[in-house]
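Examination of the molecular architecture
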Amino acid sequence: MNIVKSAVVAVAIIALIAVSGCIFNPNDFTTDVVKVSRNENTGVKDVLAIEKIETIPRSSIYPDMDILLFFNIVNLDDTETVNNMFVELFDPFIFKDKQYNTYCSDSKNICRSDECYPTAPCTILPLGVQPIRFELKSPSNDEIAGIKTAGELQFRVFYDFNSSYNYQVLVVHMDEILKMQVANKKIDKTLASSRSGGPVQIYAEMRGRDFMVEDSDAAIIFTIKDTGSTGSLKNSAIANGSFVVIFPINVVVNASNLGDNLKSTINCFAKGNEIWCNNTKEIKLYDGESSPLIFNIKSVKGSGGSMATYLIKARVAYTYEIRDKAEITVVAQ
């Protein structure tokens, strides 16, 4: 009985301090009361694949021979369309354009594919397949100095893609936490984090604790990562205005409620019942990962009830590159 009375008195003192306006840090006991776990879902990371690389005739080939390089570009995502996709034969060895007998290496506009080249990019629908063909001519006997010569036809594929991330957060009223502590009970909550497909992914985590307390400050750390296994982010950077985080007004009441630690790179503004934040400078990735983007949120609003779950949305648009090659040998005559 005395233990119960002592607990009630302790809670009353804590509540009195909070109401009196003194600086109050609930971290000491709230994390013992509220337990948050997460379910993570992620779509296909490597959206495009290069398949069925062939040359006709197949290697080995003779000098001054017309050859066909072809392959398929496949969209592995079953929901997202790939836009602005094009192909370049960036290292054609000493092969030539079939029609003009000009070295492909003289210009990237020579020896372009029959479809999906830089000035005429393609769109690939979900699970779609785009065939690609290059019509080439092998080097002459003099150009290989009469020696059997092995080379590579190296090509790359560029495409635009948008990756999205939905991150649920829990906002708990302090009265609910105190009530649970007095009753010696806990709040157990499972939240979801869902990522769309795409090689560039967004990650988020709460700093200090996995939930927010109403009328208290909070912080969320966002990180952008290149998780693709077959390519790389163009220029290892996210372009200006291509990263967006969207907060509901119950989490961020207005743009001024976000700390000023990101003002040099992030701009926030009201849009309907949401606060939108996007990057005003290029975000560089080093070793496949951006520096942490910390959003300090002042005085989380919440619902006024015991607790509520809210959805924070993040989006990133980017250009990605994948590469492959066809190995080919020219036999001297």
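Residues numbered from 1 in each chain as written. Predicted model: local features only at pLDDT ≥ 70, side-chain atom pairs only at ≥ 80, totals over all residues. Heavy atoms only, no water.

1. Description of the overall build of the chain
Secondary structure assignment for the chain yields three helices and 21 strands. Against the globule reference of 20 Å for 333 residues, the chain gives a C-alpha radius of gyration of 29 Å, more extended than a compact globule. If one aligns the C-alpha atoms of the chain with their principal axes, the spans along those axes are about 100 × 35 × 30 Å. The buried share of the chain, taken over its 333 residues, is 42%. Within the chain, residue pairs in contact and separated by at least 24 positions form 80% of the contacts whose partners lie at least 6 positions apart. Per element, the accessible surface of the chain, about 16,600 Å² overall, is 49% carbon and sulfur. Here the chain carries 33 positive and 39 negative side-chain charges, and the mean point of each set is 6 Å from the other. (Helix = DSSP H or I, 4+ residues; strand = E, 2+ residues; numbered from the N terminus. Rg over C-alpha atoms; globule rule 2.2 N^0.38 Å. Buried < 20%, exposed > 50% of the residue type's maximum accessible area, 1.4 Å probe, protein only. Contact = heavy atoms within 4.5 Å. Areas by Shrake-Rupley, 256 points an atom, 1.4 Å probe, with all protein chains shown as cover. Lys, Arg positive; Asp, Glu negative; His and termini not counted. Charge placed at Lys NZ, Arg CZ, Asp CG, Glu CD.)

2. A closer look at the sheet that holds strand β7 (residues 129-137)
Here four strands make up an open sheet; going across it, the order is β2-β3-β7-β5 and the pairing antiparallel. Each edge of the sheet is formed by a strand with only one pairing partner; in this case those strands are β2 (48-56) and β5 (96-97). Examined bridge by bridge, β5 and β7 share two bridges and lie antiparallel to one another. In the sheet register, D97 faces β7, and the bridge partner there is L136. (Pairing = 2+ DSSP bridges.)

3. What to know about the packing of aromatic side chains
Counted according to the given criterion, the structure contains 12 aromatic pairs. Ring plane angle 85 degrees and centroid distance 5.5 Å describe the contact between F222 and F295, whose orientation is recorded as edge-to-face. Placement of the pair is F222 in strand β12 (residues 218-226) and F295 in strand β20 (residues 293-297), with a sequence separation of 73 residues. Across this residue pair, the class does not change: F222 and F295 are buried. An angle of 55 degrees between the planes, with centres 5.6 Å apart, marks the rings of F247 and F295 as tilted. With a gap of 48 residues between them, F247 in strand β15 (residues 243-248) and F295 in strand β20 connect regions that are remote in the sequence. Here F247 and F295 have matching classes, each one buried. (Phe/Tyr/Trp six-rings, centres within 6.5 Å; stacked < 30°, edge-to-face > 60°.)

4. Digging into the environment of T319
In this structure, T319 sits in strand β21 (residues 307-330). Taking the C-alpha atoms as reference, T319 lies 9.2 Å from A239; in sequence the two are 80 residues apart. Among the polar contacts listed, one links the side chain of T319 to the side chain of D160, at a separation of 2.7 Å. (Polar contact = N/O pair within 3.5 Å; in protein donor to acceptor, adjacent residues only side chain to side chain.)

5. Focus: the nonpolar core
Ranked by internal contacts, the top residues of the largest apolar core, which has 69 residues, are M85, I220, F222 and F247. With 11 residues, the top contributor of residues to this core is β21. Sequence-distant contacts of F247, defined by excluding residues within four places in its chain, comprise I220, V252, L258, N273, E274, I275, C277, F295, I297 and I312. (Core = buried A, V, L, I, M, F, W, Y, C linked by side-chain atoms within 4.5 Å.)

6. As for unusual backbone geometry
Backbone torsion omega between I56 and P57 reads -5 degrees, so that peptide bond is classified as cis. The phi torsion at K52 lies on the positive side, around 55 degrees, for a residue other than glycine. Mapped onto the elements, K52 comes out in strand β2. For K52, a relative accessible area of 60% gives the class exposed. Phi at D287 is positive, roughly 55 degrees, even though this residue is not glycine. With respect to the helices and strands, D287 occurs in the loop between β18 (283-286) and β19 (289-290). Note on D287: relative accessible area 84%, which makes it exposed.

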